[in-house]
Amino acid sequence: MDTAEEVYSPDMPSRLPIQDIFAGLVTSIGTAIRYWFHYTLVAFAWLGVVPLTACRIYKCLFTGSVSSLLTLPLDMLSTDNLLADCLQGCFVVTCTLCAFISLVWLREQIVHGGAPIWLEHAAPPFNAAGHHQNEAPAGGNGAENVAPEQPANPPAENAVVGENPDAQDEQAEEEEEENEEEDDAGGEDAADANNGAQDDMNWNALEWDRAAEELTWERMLGLDGSLVFLEHVFWVVSLNTLFILVFAFCPYHIGHFSLVGLGFEEHVQASHFEGLITTIVGYILLAITLIICHGLATLVKFHRSRRLLGVCYIVVKVSLLVVVEIGVFPLICGWWLDICSLEMFDATLKDRELSFQSAPGTTMFLHWLVGMVYVFYFASFILLLREVLRPGVLWFLRNLNDPDFNPVQEMIHLPIYRHLRRFILSVIVFGSIVLLMLWLPIRIIKSLLPHFLPYNVMLYSDAPVSELSLELLLLQVVLPALLEQGHTRQWLKGLVRAWTVTAGYLLDLHSYLLGDQEENENSANQQVNNNQHARNNNAIPVVGEGLHAAHQAILQQGGPVGFQPYRRPLNFPLRIFLLIVFMCITLLIASLICLTLPVFAGRWLMSFWTGTAKIHELYTAACGLYVCWLTIRAVTVLVAWMPQGRRVIFQKVKEWSLMIMKTVIVAVLLAGVVPLLLGLLFELVIVAPLRVPLDQTPLFYPWQDWALGVLHAKIIAAITLMGPQWWLKTVIEQVYANGIRNIDLQYIVRKLAAPVISVLLLSLCVPYVIASGIVPLLGVTAEMQNLVHRRIYPFLLMVVVLMGILSFQVRQFKRLYEHIKNDKYFSALSRGDPLPVKDRIEMPMATQKTDTGLTQGLLKVLHKQCSHKEYVDLADLEQKWKNLCLPVEKFRALLQLDPCEDKIEWIKFLALGCSMLGGSLNTALKHLCEILTTDPEGGPARIPFGTFSYVYRYLSGLDSDIPESDTEAYLSSLKENAAARKNGMIGLSDFFVLKRKI
């Protein structure tokens with residue numbers, strides 16, 4: 001087109017009439033109100049009805065009276081305790097949702113990981129529990145299942161075998177013979193299990209994908225504007241009721257009646273966790289009942305009932321084991337840590353009992369949290385030890401990095417007594433380490449340094465330095481530096497390696513702890529041979545053998561891992577005992593140093609700042625730890641520089657001094673001045689007007705303002721980095737990318753510090769100048785001057801916010817004005833035609849006079865505008881062609897291929913355009929299919945075969961070199977395929993083959 005005005009109707013006025021603007025404004029307000037009502041209904045349903053219903057049903061079921069069931073409909077409509085019930089209901093809904101997801105995930109684990117033998121064969125779980133080979137999936141012969149039958153993490157008795165490969169081979173041969181003997185007896189059940197696995201895999205992926213496409217989160221929650229979500233609300237409420245009844249009500253009452261019958265009700269009530277303990281007891285009794293019923297169903301050969309009871313037992317068993325592993329074990333560790341550290345804080349068991357009586361939930365949660373942290377760091381240290389020690393030394397501990405390790409599969413397959421034995425051993429090991437590294441060092445410190453303990457953990461409000469500023473110093477300076485720049489893992493790994501080397505040479509256990517270099521090379525060669533042998537001999541099972549067998553076969557291709565041979569010295573048991581003693585002494589000394597050195601250094605340094613005032617030991621320990629880290633870091637850097645000579649050392653010291661100086665300047669500006677100004681501005685705008693009356697004088701504390709300013713600065717920086725791109729975000733990203741080593745002081749001061757400090761100073765100074773310099777000149781009273789002086793900061797903030805809102809509304813009104821103008825006077829919309837816009841962005845290809853500029857996207861735009869007519873006027877078509885900025889010469893040249901007078905059949909013009917896009921007939925039809933298809937983008941691009949044949953005959957008729965007989969023969973062959981496989985539709989794969997150049 002020549003001018004932009006051509007897209008609008010000729011009768012468009014220069015300014016819109018008031019009635020059009022008013023009508024568009026009313027329409028927009030109506031749309032907003034309609035959306036507001038809909039989203040309010042959505043929020044009311046999901047945040048009100050669903051949790052409130054779950055909470056009221058939960059309370060109704062657990063009141064223990066029949067009358068509550070009769071009054072349940074009235075309780076649903078009650079307005080008492082709405083907020084509390086909604087919050088409690090959200091927790092109930094979350095629990096039921098987690099239970100549902102856990103059930104689905106556990107089913108996938110059983111289906112794809114293989115079920116236990118006792119579930120697939122006619123053997124009850126209490127009989128199968130005694131066998132060692134109870135982990136293997138059913139299917140295949142015994143020889144093929146030897147590898148999958150080994151548990152993901154071998155227990156203690158199996159790990160000893162791992163130290164002796166010969167014994168391991170003998171055991172494998174014995175197990176193979178036993179499996180071959182059992183193969184005939186369990187053949188039918190194995191076949192049934194394979195058939196069941198095959199049935200589980202007979203699902204149509206396409207149907208699942210379509211179901212996922214149809215039910216999106218927007219449609220399920222009602223955010224798409226439809227009311228279909230009301231049905232989903234009903235189903236969620238029903239599922240909540242079902243899960244509460246099955247997973248909470250039934251186990252609780254089973255446990256309650258059992259405890260009442262046994263006379264333990266008073267003891268359970270004294271624990272302050274009656275509901276939780278009663279429910280767990282109910283689950284235990286339910287598991288025992290399921291075992292007995294499974295055995296009876298096995299005896300009477302009720303196969304379906306036996307399998308159903310077995311699956312229910314697995315669900316209950318895994319649930320209880322998860323509670324023990326994640327809940328009970330960390331709680332035991334947390335309480336044991338607290339008991340062993342009582343003397344360190346000058347506390348007694350009576351204090352802990354009073355704390356538990358006053359807040360049992362909080363006390364238990366804090367102890368569980370401490371226990372979880374302890375378990376996590378213990379597991380992290382074990383992983384670090386595995387990186388240093390010879391593979392096979394830690395055979396008695398589970399390897400979390402092992403790809404075969406799957407704790408859920410172990411919970412499914414291993415019997416209960418194995419889990420119980422492992423739990424007791426873990427408690428003994430973790431408890432012994434706490435005694436060695438906490439209780440014993442505390443006793444030694446109290447004996448050698450009687451005035452060093454206890455640690456001060458009380459807060460004092462009369463301290464000269466605010467606790468808030470010290471806490472901010474700890475959180476914002478000390479901990480980030482220790483965590484990000486501490487290299488703690490590398491240092492700890494180096495210390496462990498040095499200790500291992502020392503202990504190995506002192507006790508002649510170097511080969512046992514670290515292995516020998518020659519044997520390592522031989523082991524590597526043997527590993528390569530094993531891998532090659534496994535690739536040649538281990539064939540991946542077909543799909544019918546089950547996913548678990550295929551997965552295990554793939555894992556076994558790598559050959560045996562987890563063991564490395566070593567040289568066994570004389571008196572080996574005695575040397576191992578001495579190694580354990582040496583390890584205990586080392587851990588004791590390390591614990592003594594960690595408990596005393598950082599606190600002593602921190603107390604000494606804090607005494608220069610706070611004098612004799614007592615400070616929380618968290619701050620002293622963190623400060624001392626930071627100083628120790630800086631000292632060790634400096635010593636290690638100097639030791640690394642020593643071999644390079646004095647000149648290089650001086651050069652490095654000069655570079656580091658310059659970098660430290662720049663960093664200090666930047667820290668003073670960005671971590672000192674900016675937070676101070678920001679905290680002071682926040683104090684003047686928000687805190688002082690709210691807390692200090694007009695007849696009192698506000699007092700400002702720079703330390704507190706700086707501490708709050710640090711928090712505000714971090715929040716503003718985080719929001720800026722998450723927001724849109726603007727100059728402040730660009731500067732912060734550049735500074736962060738440069739880092740400390742490549743710090744650019746001039747760039748930071750000019751681009752970041754100076755603008756931010758200028759804005760903050762203006763925000764502080766301009767209101768002060770107005771209140772203290774301009775207002776007194778107006779001759780107002782002293783009361784008015786005080787009012788202006790105290791309220792000018794929030795008043796100016798309100799003015800700035802109102803100006804921002806007004807600016808936003810002006811931009812929105814301009815958008816509404818343009819929208820009304822486009823709706824009413826845009827030429828395409830005024831005629832009822834689709835808008836000339838592409839479905840997706842295409843790269844510009846037009847060179848106007850030398851190229852058509854025509855693309856598939858532009859042809860699709862023309863098709864949208866003209867497809868509703870069988871014949872189109874050439875004048876109208878030419879105008880639409882020009883509106884797309886396409887050269888008119890090419891339009892007229894296109895019509896020369898099939899000349900016509902005033903009108904042309906649209907499908908023919910579209911075919912001519914497609915022929916201009918592609919150089920061949922097949923390519924032209926490919927473009928035609930992609931334009932006409934209703935399949936999603938990237939799909940098969942199918943169109944009716946009648947349309948395809950009509951266009952093919954039309955285009956082939958324009959080419960005199962193509963005989964009509966060839967055309968008909970080609971279409972006949974395509975028609976047979978389309979009728980047989982495509983339901984009368986033809987797609988790209990039926991006629992178009994993409995040729996690639998190699």
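It should be noted that the structure appears before, not after, this text.
Keep in mind the model is a prediction, meaning the values are calculated, not measured.

Chemist: Can you help me understand the overall build of the protein in this one?
Modeler: Broken down by element type, the protein carries 41 helices and 4 strands. Of all 998 residues assigned to the protein, the portion counted as buried reaches 35%. The contacts of the protein with a sequence gap of at least 6 include a subset with a gap of at least 24, amounting to 71%. About 60700 Å² of surface is accessible on the protein, with carbon and sulfur atoms providing 65% of the total.

Chemist: Please explain the packing of helix α38 (residues 921-932) against helix α39 (residues 945-958) as it appears in this structure.
Modeler: For any two helices packed against each other, one specifies the inter-axial angle together with the distance between the axes. Running from N to C, α38 and α39 cross one another at 145°; their axes reach a closest spacing of 11 Å. Note on packing geometry: the crossing formed by α38 with α39 is right-handed. Contact residues: Leu921, Ala924, Leu925, Leu928, Cys929 and Leu932 in α38; Thr947, Phe948, Val951, Tyr952, Leu955 and Ser956 in α39.

Chemist: Sorry, what's going on with the packing of aromatic side chains here?
Modeler: What characterises a pair of aromatic rings is the spacing of the ring centres plus the angle enclosed by the ring planes. If you walk through the whole model with that rule in mind, you get 35 aromatic pairs. Pairing Phe62 with Tyr252 gives two aromatic rings, centres 5.3 Å apart and planes at 65°, and the pair type is edge-to-face. Of the two residues, Phe62 sits in helix α1 (residues 18-62) while Tyr252 sits in helix α13 (residues 229-262), which places them 190 residues apart along the sequence. The partly exposed category is assigned to Phe62, whose relative accessible area is 25%. When the centroid spacing of 6.0 Å and the interplanar angle of 70° are considered together, the rings of Phe329 and Phe423 count as edge-to-face. Here Phe329, found in helix α16 (residues 303-340), pairs with Phe423, found in helix α20 (residues 416-448); they are 94 residues apart in sequence, far enough to count as distant. The same class applies to Phe329 as to Phe423, namely buried. By the ring-pair criterion, three or more aromatic residues cluster together here, those being Phe329, Tyr374, Phe378, Phe423 and Phe430. The side chain of Arg34 reaches across the aromatic face of Tyr35, ending 4.9 Å from its centre. Here Arg603 stacks its cationic end above the ring of Phe452, 4.7 Å away from the centre of that ring.

Chemist: So what exactly am I meant to see when it comes to the pattern of salt bridges here?
Modeler: When the charged atoms of two side chains lie near each other, side chains of opposite charge can form a pair. Scanning the model with the defined rule gives 17 salt bridges in all. In this structure, Lys880 engages Asp876 in a salt bridge whose closest nitrogen and oxygen atoms are separated by 2.9 Å. Placement of both Lys880 and Asp876 in helix α35 (residues 874-883) is noted, with a separation of 4 residues, approximately one turn of the helix. Classification of Asp876 by relative accessible area gives partly exposed; the value is 29%. As a salt-bridge pair, Arg892 and Glu878 come within 3.3 Å of each other at their nearest N and O atoms. Residue Arg892 is located in helix α36 (residues 888-895), and its partner Glu878 is located in helix α35; the two are separated by 14 residues in the primary sequence. Salt bridges sharing partners connect three or more residues here, namely Arg56, Lys59 and Asp85.

Chemist: Honestly, the packing of helix α37 (residues 906-917) against α39 in this entry has me stumped. Any pointers?
Modeler: Taken N-terminus to C-terminus, the directions of α37 and α39 make an angle of 65°; their axes are 10 Å apart at the nearest point. With respect to the hand of their crossing, α37 and α39 are arranged in right-handed fashion. Side by side, α37 and α39 meet where Ile907, Lys908, Ala911, Leu912 and Ser915 of the first sit next to Thr947, Tyr950, Val951, Tyr954, Leu955 and Leu958 of the second.

Procedures and definitions
- Residues numbered from 1 in each chain as written.
- Predicted model: local features only at pLDDT ≥ 70, side-chain atom pairs only at ≥ 80, totals over all residues.
- Heavy atoms only, no water.
- Helix = DSSP H or I, 4+ residues; strand = E, 2+ residues; numbered from the N terminus.
- Buried < 20%, exposed > 50% of the residue type's maximum accessible area, 1.4 Å probe, protein only.
- Contact = heavy atoms within 4.5 Å.
- Areas by Shrake-Rupley, 256 points an atom, 1.4 Å probe, with all protein chains shown as cover.
- Axes fitted to C-alpha atoms, helices over the stretch in contact; angles between N-to-C directions.
- Left-handed = near helix turned anticlockwise from the far one by under 90°.
- Phe/Tyr/Trp six-rings, centres within 6.5 Å; stacked < 30°, edge-to-face > 60°.
- Lys NZ or Arg CZ within 6 Å of the ring centre and 35° of its normal.
- Salt bridge = Lys/Arg side-chain N within 4 Å of Asp/Glu carboxyl O.

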